[in-house]
Amino acid sequence: MKKLFLFIIFSAAVLANSNLVYDIRGASPLVDANMSQFLDNWRTKTVDPIKSGEYQNVIVNADTTKKNIALTFDDAPDENNTYKLLDILKDHQVKGAFFMIGGTMVDANVTVVKRAYREGHLVLNHTLNHPRLSNLDESGVISQLDQAATRIESITGHYPILYRPPYGSINPLVVNALNAHGLTTVLWSLDSLDWTLKDPDAVVDNVVANIRNGDIILMHRNPTSVAALPRVIEKLTEMGYTFLPLDELLGIKPYR
Ligand SMILES: [Zn+2]
């Protein structure tokens, strides 16, 4: 009886911990006061409704009890940086998740989408044209995600059910519409700040200083992340973290 009681307490503690929603991190002395304020406001406004349960099915981080983490890259494909990221991931034998823009999957760019999928990375949804979803009505939101997912499916054979909103821009209409469409919103818990810092050393310092168990790391297909990525992987590995594919880290299906 006592054993059972202890087991229940232990399970409850593990469950509570694995469901913990992190505050979103990412900071640098190079980010000015206005930008810091802007980021703080967005992070609070976005994470509070997730913590309170107002937003359902919106992911910030994974299980906080294990030293497992995932790398995610937004805004691919392109003709240059996406290839370089894939080369680095291959060298380091790490699998990433690419939230890709459907509208740029044309002509030669289709090749790099195929390559990402073939090399074991996740090819996920980042809308057709990268709009702020919170500015659109319900049919506009669905159209942006469904058209991109259909294009991805035509290239990889798989319709992604994980999507990331451009600029992290969501509201109740966006979340509810996409939940009803069978899609899960995947945000991030650690912003590398590669989109604003333009300084690979600062990106590495930021990620190393702020990493936690279960973090989902936000990077982009830009030259800053190309330059920072080898050191991000090497330093976090030295610190005892294991990079898992995003679907494995979260224990969820990536494709329909
Ligand atoms: Zn984006």
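Caption draft 1: Structural context of the environment of Lys198. By the secondary structure assignment, Lys198 is in the loop between α7 (194-197) and α8 (200-210). Residues Lys198 and Leu173, spaced 25 residues apart in sequence, show a C-alpha to C-alpha distance of 33 Å. Of note is the side chain of Lys198, whose polar atom sits 3.0 Å from the backbone oxygen of Trp195.

Caption draft 2: Local environment of the coordination of the zinc ion. Coordination of the zinc ion by the protein involves Asp75 (OD), His126 (NE2) and His130 (NE2), with metal-donor separations of 2.0 to 2.1 Å. For His126, a relative accessible area of 1% gives the class buried.

Caption draft 3: Region of interest: the nonpolar core. Membership of the largest hydrophobic core comes to 78 residues, with the highest contact counts inside it found for Leu71, Leu178, Ile217, Leu229, Leu236 and Leu246. Apart from the residues lying within four places of it in its own chain, the contact partners of Leu246 are Ala70, Thr72, Ala97, Phe99, Leu122, Leu124, Leu162, Val186 and Ile216.

Caption draft 4: Broad picture of the environment of Asp91. Within the secondary structure, Asp91 is located in helix α3 (residues 81-92). When its relative accessible area of 64% is taken as the criterion, Asp91 is described as exposed. Once the C-alpha coordinates of Asp91 and Pro230 are considered, the two residues, 139 residues apart in sequence, prove to be 9.1 Å apart.

Caption draft 5: Summary view of unusual backbone geometry. The omega angle of the peptide bond from Ala76 to Pro77 is 0 degrees, so this bond is cis rather than trans. Assignment of secondary structure puts Pro77 in the loop between β2 (68-74) and α3. In the Ramachandran plot, Asn57 falls in the positive-phi region, its phi being about 65 degrees despite a non-glycine side chain. Turning to its location among the elements, Asn57 is positioned in the loop between α2 (33-51) and β1 (58-59).

Caption draft 6: Region of interest: the side chain of Asp194. Among the structural elements, Asp194 can be located in helix α7. Summary of buried charges: Asp194 has no salt-bridge partner, and the nearest side chain of opposite charge, Lys198, is 8.1 Å away. Within the structure, Asp194 has its side chain in polar contact with the side chain of Ser225 (distance 2.6 Å). Ignoring any residue separated from it by four or fewer positions in sequence, one finds Asp194 in contact with Val203, Leu218, Met219, His220, Asn222, Thr224 and Ser225.

Caption draft 7: Quick peek at the pairing of strand β3 (residues 97-100). What you see with β3 is no split at all: Ala97 and Phe99 on one side and Phe98 and Met100 on the other are buried throughout. Here β2 pairs with β3 via three bridges, running parallel. Across the sheet, Thr72 pairs through a bridge with Ala97, a residue of β3. Note that the unit made of β2, α3 and β3 has a crossover that is right-handed. Relative to strand β4 (residues 122-125), β3 runs parallel, the two sharing four bridges. Residue pairing for β4: Phe98 is matched across the bridge by Val123. A crossover links β3 with its parallel partner β4, the connecting element being helix α4 (residues 109-118), and its sense is right-handed.

Conventions used here
Residues numbered from 1 in each chain as written. Predicted model: local features only at pLDDT ≥ 70, side-chain atom pairs only at ≥ 80, totals over all residues. Heavy atoms only, no water. Helix = DSSP H or I, 4+ residues; strand = E, 2+ residues; numbered from the N terminus. Polar contact = N/O pair within 3.5 Å; in protein donor to acceptor, adjacent residues only side chain to side chain. Donors = N, O, S within 2.8 Å, 3.2 Å for Na, K, Ca; no water. Buried < 20%, exposed > 50% of the residue type's maximum accessible area, 1.4 Å probe, protein only. Core = buried A, V, L, I, M, F, W, Y, C linked by side-chain atoms within 4.5 Å. Contact = heavy atoms within 4.5 Å. Lys, Arg positive; Asp, Glu negative; His and termini not counted. Salt bridge = Lys/Arg side-chain N within 4 Å of Asp/Glu carboxyl O. Pairing = 2+ DSSP bridges. Right-handed = clockwise from strand over helix to strand, strands pointing away.

Geometric values such as these leave the question of function open.
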